[in-house]
Amino acid sequence: MENANTKPVHTVKIGAIKAAVWENQTEHGTRHSVTLSRLYKEGEEWKQSTSFHRDDLLVVAKVADIAHDWICANQS
């Protein structure tokens, strides 16, 4: 999954909410995983959190839905 040397194969961003789709090669073929985050600015620095506010939750559901659609359309 996510580490300093890899990049997501796809990202979905709506407002401050982002889904990153990761591709993992396994003995059973390609598998995908998704990380969800909320972007925010602290001073001049952009940061990420995996904690969401009440008003974020519908957007989290939407980006997860779009990420799911992308994975289904791009499975080998």
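Criteria and thresholds
- Counting of residues starts from 1 at the beginning of each chain's written sequence and follows it residue by residue.
- Only residues with pLDDT of at least 70 get local features here, since the model is predicted, and only at 80 or more are side-chain atom pairs given and counted; chain-wide, interface and lining totals rely on the full set of residues.
- Excluding hydrogens and water, the side-chain figures rest on all heavy atoms present in the structure.
- Numbering of helices and strands runs from the N terminus; a helix is a DSSP stretch of H or I covering at least four residues, while a strand is a stretch of E covering at least two.
- Categorising residues by exposure relies on relative accessible area from a 1.4 Å probe, with only protein chains included: less than 20% of the type maximum marks a residue as buried, more than 50% marks it as exposed, and the intermediate range marks it as partly exposed.
- Throughout, a contact is declared for two residues whenever any of their heavy atoms are within 4.5 Å.
- Residue-level accessible areas treat just the shown protein chains as cover; the underlying method is Shrake-Rupley with a 1.4 Å probe.
- The charged-residue count follows a simple rule in which Lys and Arg add positive charge and Asp and Glu add negative charge, with His and chain termini not counted at all.
- Just so you know, the charge point we use is NZ for Lys, CZ for Arg, CG for Asp and CD for Glu.
- Strands are treated as partners if at least two bridges between them are detected by DSSP.
- A fitted line through C-alpha atoms serves as each axis, taken over the contacting stretch for helices, and the angle formed by two N-to-C directions is quoted from 0 to 180°.
- Any pair of N or O atoms that falls within 3.5 Å is considered a polar contact. Within protein, one atom must be able to donate a hydrogen and the other to accept it, and sequence-neighbouring residues count only if both atoms are side-chain atoms.

Chemist: Which residues make up the overall build of the chain, and what values do they have?
Modeler: For the chain, the count of helices and strands is 1 helix and 4 strands. When its helices and strands are written in sequence order, the chain yields β-β-β-β-α. Across its three principal axes, the chain shows a C-alpha extent of roughly 45 × 30 × 15 Å. Counting across all 76 residues of the chain, residues that qualify as buried make up 22%. For the chain, contacts bridging at least 24 residues in sequence account for 32% of all contacts bridging at least 6. Surface exposure of the chain reaches about 5,600 Å², of which carbon and sulfur atoms provide 50%. The averaged location of the 10 negative side-chain charges in the chain is 3 Å from the averaged location of its 9 positive side-chain charges.

Chemist: Residue-level account of the sheet that holds strand β2 (residues 17–26), with values.
Modeler: Spatially, β1-β2-β3-β4 is the arrangement adopted by the 4 strands of the open sheet, whose pairing is antiparallel. Bordering the open sheet on either side are β1 (10–14) and β4 (45–49), each of which pairs with just one other strand. In this sheet, adjacent strand axes meet at a mean angle of 30° when their direction is disregarded. Pairing of β2 with strand β3 (residues 29–42), which is carried by 10 bridges, proceeds in the antiparallel orientation. When the sheet's bridge partners are listed, I17 is paired in β3 with R38.

Chemist: A description of the pairing of β1 should follow, citing residues and the corresponding values.
Modeler: In this sheet, β2 lies alongside β1 in antiparallel orientation, the contact comprising 5 bridges. Pairing of T11 across the sheet is with A20, part of β2. Turn length for the β1-β2 hairpin, with the two strands adjacent in sequence and antiparallel, is 2 residues, and the turn residue G15 shows positive phi of about 60°.

Chemist: Any details on the environment of R54? Residues and values, ideally.
Modeler: As for its placement among the helices and strands, R54 is situated in the loop between β4 and α1 (57–73). Using a relative accessible area of 68% as the deciding quantity, one classes R54 as exposed. Separated by 2.9 Å, the side chains of R54 and D55 make a polar contact.

Chemist: Got a sec to walk through the pairing of β4? Specific residues and values, please.
Modeler: Where β3 meets β4, 5 bridges bridge the pair, whose relative direction is antiparallel. From the neighbouring strand, K41 faces β4, where its bridge partner is W46. Linkage of β3 to β4, two consecutive antiparallel strands, is achieved through a turn of 2 residues, within which G43 is found at a positive phi near 70°.

Geometry only, nothing functional implied.
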